[in-house]
Structure formats: C-alpha cells, structure tokens
Amino acid sequence: MSAVRFFSLLNRIKYILSKSIANMTKPWYVLLFLVVRTSTIESPPLNLYIGTGGFGYGAGSLPLGVQSPYGALRLSPDTSDTLDIPIKFEHYAGYHYSDTHINVFSHTHTFGAGLQDYSEVGIPVQIDDDHHLQRLISSRNDYRSEFKHEHKRAEPVFYQVYLDTHNINVELTATEQVGVHRYSFNNTNKKHRVIFVDSSYTLPLKVCKLSHVNIDPKNNEITGSIFFKGDFSRSCGSLSTYFIIKFTN
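The following refers to the structure shown. (Residues numbered from 1 in each chain as written. Predicted model: local features only at pLDDT ≥ 70, side-chain atom pairs only at ≥ 80, totals over all residues. Heavy atoms only, no water.)

### Considerations on the side chain of His96
Argument step 1. The residue His96 is located in the loop between strand 1 (76-80) and strand 2 (101-106) in this model.
Argument step 2. A relative accessible area of 5% places His96 in the buried class.
Argument step 3. Excluding anything up to four places from it in sequence, His96 contacts Thr52, Gly53, Gly54, Thr79, Glu90 and His91. (Helix = DSSP H or I, 4+ residues; strand = E, 2+ residues; numbered from the N terminus. Buried < 20%, exposed > 50% of the residue type's maximum accessible area, 1.4 Å probe, protein only. Contact = heavy atoms within 4.5 Å.)

As structure tokens, this is what we get:
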C-alpha cells in the first residue's frame, strides 16, 4: 500500500468514527492501533555442517545428507577414514566430517541415542573386469571411494558429491517417504558399471536379518528389499527398506 493511500484510509476511518461518536448518547472511546512493519533483515545462511564433526562423546554425530521435513528417512553417505577404522562413538550416524572415504549411501540414520543404527543400500563403482570385481568384494570395503569436500555440495533436501576413485557424480534428494539417487558415470574406456547393494554394511554386527534382490533385464531394473534390525530400531519393530535401481542406458 502506498503512503498516499495509507493516509487516505486513515482520514476516512477518523471521519467515520467522529460521525459515529457524535450521534451516540453516551461517549465511547475508541483506541485504534495500526502497525506497519517492514523488515529488511535477511536470514543467515543455513550451516548444514553443524554437528557433523567433533571428537569423542562431544561429537554431534549428525549425518550430512538430505531429509524432507518430518520425513521418515535420512539419506546420507556413510564414511570412514584412510585406514577404514571408524571410531565408534564418532560414527553413531555413519558420518564424520574428517573422513576421507565414502563406503555406501544409506537411507536410515537414527542418531543421538548413543546407539549405531544405519545401513543400506550400496554404492556405484566402475571396474575393469570380473577379477577386479572379486577383489573388491573379498577385501573389506575395498569398493569404497575417496572424496574431497571441495567436490561436494550440500543444501537443504539436496546433496551432491563426486567419487574420485570411481569417477562418478552422485546426487541425492528426498521426499517424506522416498530417497532418490542419481549416479552419473564418467565415460571411461574398458570400464564396467556396477552398483553394489551391500545389505550387511553397518557399524553394528548381525543386524541385517533378511534381504532380497531381483534382476529384471527386460526392464533394465534391479529391485529388492532389506529387513534391518538395528540397535535402536529393533525397539520399534525394526525397519524394511525397498529399492528400485533403474539403468537409463
């Protein structure tokens, strides 16, 4: 509302009130408050890294990933250091800012309870041949990838990171019930593209109770489910994650 129209409205209100009061047999007192407030203060940028680092039990153990407000999942990378020896009390949610490698991308990260409860689903890799694939599987988390913080981007409901080891760009987003991954493979000669579905990857032991994978070559899809009974989620009936992996070409 412009200043001219604003003061014109004030004068009209005053005129109506004065006529009304003049016609009344008893005096009435009217107090009118008109408050106009214009704020030019901008909100500070959101720091998504708060709580993702720290030492020991002073660490926030927050995963850096994506989650829709009031959503049922937290989609985030699970990380480890150079030696792949994650300190337990710094990885309650699977992520620590000081880590240099991404082991998997998983959907459930229950944190803040002093218990480890995360797992599912896997990570994309590029391999030379079947022998290379067997070496990755036989070694402990040898399929994980190195990454750098300068090659990632974190925003509310969006996360992007580049996997340096496998030359793959990863983009994550989420709705209230669904986590969405997009893996863009760089064209590398003589490389085969593989998605590891590591249903047993988690910090606690023996928490994957059942998993199922179905390969549909006709529709170029992989579907499956993982029944997961973590240290915290077992108290509420455990969790089941269902996934669909679609190859575009």
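Still more ground to cover, so stick around.
### Some words on unusual backbone geometry
Argument step 1. Phi is positive for Tyr70, which is not a glycine, with a value near 60°.
Argument step 2. Its place among the elements puts Tyr70 in the loop between helix 1 (3-22) and strand 1.
Argument step 3. Under the relative-accessibility criterion, Tyr70 is labelled exposed at 84%.
Argument step 4. We note that Ser238 has phi near 70°; this positive angle belongs to a residue other than glycine.
Argument step 5. Take Ser238: it is sitting in the loop between strand 13 (221-228) and strand 14 (239-246).
Argument step 6. When its relative accessible area of 12% is taken as the criterion, Ser238 is described as buried.

### Regarding the sheet that holds strand 14
Each strand in a sheet pairs with another by means of backbone hydrogen bonds, the pair being arranged parallel or else antiparallel.
Argument step 1. Read across the sheet, 3 strands follow the order 12-13-14 without closing on themselves; strand pairing throughout is antiparallel. Each edge of the sheet is formed by a strand with only one pairing partner; in this case those strands are strand 12 (208-216) and strand 14. The average undirected angle you get between the axes of adjacent strands in this sheet is 10°.
Argument step 2. Where strand 13 and strand 14 come together, 8 bridges link them in antiparallel fashion. Counterpart to Ile222 in the pairing with strand 14 is Ile245. (Pairing = 2+ DSSP bridges. Axes fitted to C-alpha atoms, helices over the stretch in contact; angles between N-to-C directions.)

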